[in-house]
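The lines below spell out each chain.
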Amino acid sequence: MMETPQFYIRLEEWAQAMSRSGFALLVGVGSAVGLLVVSPIFNDIGILNAVSLGIMMAVVYYAFDPLNKG
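Residues numbered from 1 in each chain as written. Predicted model: local features only at pLDDT ≥ 70, side-chain atom pairs only at ≥ 80, totals over all residues. Heavy atoms only, no water.

**A closer look at the UniProt feature "transmembrane region" (unreviewed entry) in the protein chain**
Right, on to step 1. According to UniProt, the positions carrying the feature "transmembrane region" (unreviewed entry) are residues 21-39 and 45-64.
Right, on to step 2. Secondary structure over residues 21-39 splits into 95% helix and 0% strand, and the C-alpha atoms at its two ends are 27 Å apart.
Right, on to step 3. The span residues 45-64 carries 90% helix and 0% strand; its end-to-end C-alpha distance comes to 27 Å. (UniProt positions renumbered as here; feature names shortened; annotations may be inferred. Helix = DSSP H or I, 4+ residues; strand = E, 2+ residues; numbered from the N terminus.)

What follows is the structure in structure tokens.
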């Protein structure tokens, strides 16, 4: 099994090698899925809210490009 620090280093290298739009899409999908996973805790959160969050996170990450990708 891979050591934890080595796993994080490889994960970071993989994320930095992604294109700007690919990374934004990954963040958006991850946000939407994450909200859907925790939504049973909060009864008011639905699929529309999760999809809205995913779209907005993708737009923000694409627009502001926090990792300064070209």
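**Considerations on the environment of Ile9**
Right, on to step 1. With respect to the helices and strands, the residue Ile9 is situated in helix H1 (residues 4-17).
Right, on to step 2. Assessed through its relative accessible area of 48%, Ile9 is described here as partly exposed.
Right, on to step 3. Between the C-alpha atom of Ile9 and that of Gly30, which follows or precedes it by 21 residues, the distance is 20 Å. (Buried < 20%, exposed > 50% of the residue type's maximum accessible area, 1.4 Å probe, protein only.)

**A closer look at the side chain of Ser31**
Right, on to step 1. Positionally, Ser31 belongs in helix H2 (residues 20-38).
Right, on to step 2. Judged by its relative accessible area of 17%, Ser31 falls in the buried class.
Right, on to step 3. At a separation of 2.8 Å, a polar atom in the side chain of Ser31 contacts the main-chain carbonyl oxygen of Val27.
Right, on to step 4. Those residues within four positions of Ser31 in sequence are excluded, and the remaining contacts are Leu53 and Met57. (Polar contact = N/O pair within 3.5 Å; in protein donor to acceptor, adjacent residues only side chain to side chain. Contact = heavy atoms within 4.5 Å.)

**What to know about the side chain of Ser39**
Right, on to step 1. Positionally, Ser39 belongs in the loop between H2 and helix H3 (47-64).
Right, on to step 2. Residue Ser39 is classed as buried on the basis of its relative accessible area of 13%.
Right, on to step 3. Within the structure, the side chain of Ser39 is placed 2.8 Å from the backbone oxygen of Leu36, a separation counted as a polar contact.

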